[in-house]
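Breakdown of the fold
Here are the chains, one letter per residue:
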Amino acid sequence: MNSESPWRISDFRTLFTATALTQLGTNIGYVALPLIAVAALDASAGQVGALATLATLAFLVIGLPAGAWVDRMRHRRVLVVADLAKAALYASVPLAWWLGGLTLWQLYAVALLSGCATVFYDIASQSVLPQLVGREHLVQANSAMVGLMAVGNIAGRSAGGALAQLLTAPAAVAVTAVSHLGSALRLIALRDTPAPSPAGAGAAGPGSPGLRAQIGEGLRHVLGNVELRALALTAALNNLGFQIVNPLLPVLFVRELHLPAGALGLFWAVGGLGILCGSRCARPFATRIGYGRALGLAGLCVAPAGLLVPLIGDGARLYVAGFGWLLLLFKTGMDNVLGVSLRQRMTPDALLGRMNATFRFLLTGALAIGAALAGLLGELAGLHPTLWLGGALLATAFLPVYLSPIRTRRRLPDPPSGAEPSPVGSVKSA
């Protein structure tokens, strides 16, 4: 294997395998929780939308301060505690079901609190990655992590649908709990990286900036940079469109199309295949035509497929919508690899947590708003008009990046001064 590969770094392999387990669990739960709400608790479109909103609401409530907190913390500890919390929360669902006491309110609580844990896990994992692999390996490392997310979508959502169909949805949630527990145990082997700036902006101590000032630094870094701002806006609009569509799919598949749970899992898994292909194509495509041009062209050529998704229905229309879904997620896979690599290269170590938190606040805040709109509009206007709104957003979300200076960028920017840490941990052959 190439000596420049991040796969030679043992701590990267540890993070990768732990993330594989947590992605598997997250994607099984993604299918199983709304299916429990619809099939076992007779939830309406509005209630399913509320469940999806609560799953992402934490990023709006604590997303920004969490970035400042993560910049003060040991990343391994944050990752382990977050996984253990999610394991306990998801384990409570099958337990309550088997005891005959499961309610929609408990699902709401599990969605909200596991969302809080996800805030810390996501920020910490993206913040620790440059310390583990070095910034020169970020594109390769991010490509691997996005590809892993795609495989998690394919395997986890397919498994979630199959488990829900064969064993019941609560049993699928039990598998989610076990996966998060396995991830926490694996992360114990991760080298405990220090806080990136123990005497600087990330530290808590006399003379250091207060929490509000630290949050402000992260916001100014993202929103004051024209390229970072365009990346954030495009990703937020993309998430808004996806989350207007996603919460309505369980209602559409189960109640209107009368399809089994496995069909819904397969539809979502097709999107995972798109992410996987996009993540694999991102680096060679960007190397050939330029990083910014790759992002711009992917949006211009592929994003209009968003208008195929609202065609979903019986027979051939289901396959047409599935093809549109595949293309949209292909673009998302490319966006994730190239966009995350760009923003990590533009950010000094001491701001990584707050930069990631600002992006997560905007991106996942868009998910929360989209889920609320899906529930509200699904009740008031109906499923299909709401799907058309989501499809239109997905078809046009690429415009902020396409109209920004990013479109002309041929290579990754040079790292900020003092932002080139040595990879942490020993380097061994994989």
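Structure first, text after, so check above.
This section reports on the structure supplied with the text. (Residues numbered from 1 in each chain as written. Predicted model: local features only at pLDDT ≥ 70, side-chain atom pairs only at ≥ 80, totals over all residues. Heavy atoms only, no water.)

Observations regarding the pattern of salt bridges
What the rule picks out here adds up to two salt bridges. Between Lys331 and Asp335 there is a salt bridge, with the nearest N and O atoms lying 2.6 Å from each other. Taken together, the positions of Lys331 and Asp335, both in helix 12 (residues 316-345) and four residues apart, correspond to about one turn of that helix. Classification of Asp335 as buried rests on a relative accessible area of 17%. (Salt bridge = Lys/Arg side-chain N within 4 Å of Asp/Glu carboxyl O. Helix = DSSP H or I, 4+ residues; strand = E, 2+ residues; numbered from the N terminus. Buried < 20%, exposed > 50% of the residue type's maximum accessible area, 1.4 Å probe, protein only.)

Digging into helix 6 (residues 169-187)
The end-to-end C-alpha separation of helix 6 is 28 Å, in line with the 27 Å expected for 19 residues at 1.5 Å each. Buried residues of helix 6: Ala169, Pro170, Ala171, Ala172, Val173, Thr176, Ala177, Ser179, His180, Ser183, Ala184 and Leu187, and no others. (Expected span 1.5 Å × (residues − 1).)

Concerning the state of the cysteines
Enumeration over the complete set of coordinates arrives at zero disulfides. There is no disulfide at Cys277, and the cysteine sulfur nearest it, in Cys281, is 6.5 Å away. (Disulfide = S-S within 2.5 Å.)

Concerning the packing of aromatic side chains
Evaluated as defined, the whole model comprises nine aromatic pairs. Pairwise contacts between aromatic rings join Phe242, Phe253, Phe267 and Trp325 into one cluster. Stacked on the ring of Tyr121, the Lys or Arg Lys86 has its end atom at 4.9 Å from the ring centre. One cation-aromatic arrangement involves Arg407 over Tyr402; the distance from NZ or CZ to the ring centre is 4.5 Å. (Phe/Tyr/Trp six-rings, centres within 6.5 Å; stacked < 30°, edge-to-face > 60°. Lys NZ or Arg CZ within 6 Å of the ring centre and 35° of its normal.)

Quick notes on the packing of helix 8 (residues 226-245) against helix 13 (residues 352-380)
Packing of helix 8 against helix 13 leaves a shortest axis separation of 7 Å and a crossing angle of 25°. The angle between the axes of helix 8 and helix 13 places the two elements in the roughly parallel class. Handedness of the helix 8/helix 13 crossing: right-handed. Contacts between helix 8 and helix 13 involve Leu228, Leu231, Ala232, Ala235, Ala236, Asn239, Leu240, Gln243 and Ile244 from the former and Phe359, Leu362, Leu363, Thr364, Ala366, Leu367, Ile369, Gly370, Ala371, Leu373 and Ala374 from the latter. Across the contact of helix 8 with helix 13, the residue classes tally to 16 nonpolar, four polar and no charged. (Axes fitted to C-alpha atoms, helices over the stretch in contact; angles between N-to-C directions. Parallel < 35°, antiparallel > 145°, perpendicular 65-115°, else oblique. Left-handed = near helix turned anticlockwise from the far one by under 90°. Contact = heavy atoms within 4.5 Å. Nonpolar A, V, L, I, M, F, W, Y, C, P; charged D, E, K, R; others polar.)

Some thoughts on the environment of Ala236
The residue Ala236 is located in helix 8 in this model. The exposure class of Ala236 is buried, given its relative accessible area of 13%. Each C-alpha atom, one on Ala236 and one on Ala366, is 5.5 Å from the other, the two residues being 130 residues apart in sequence.

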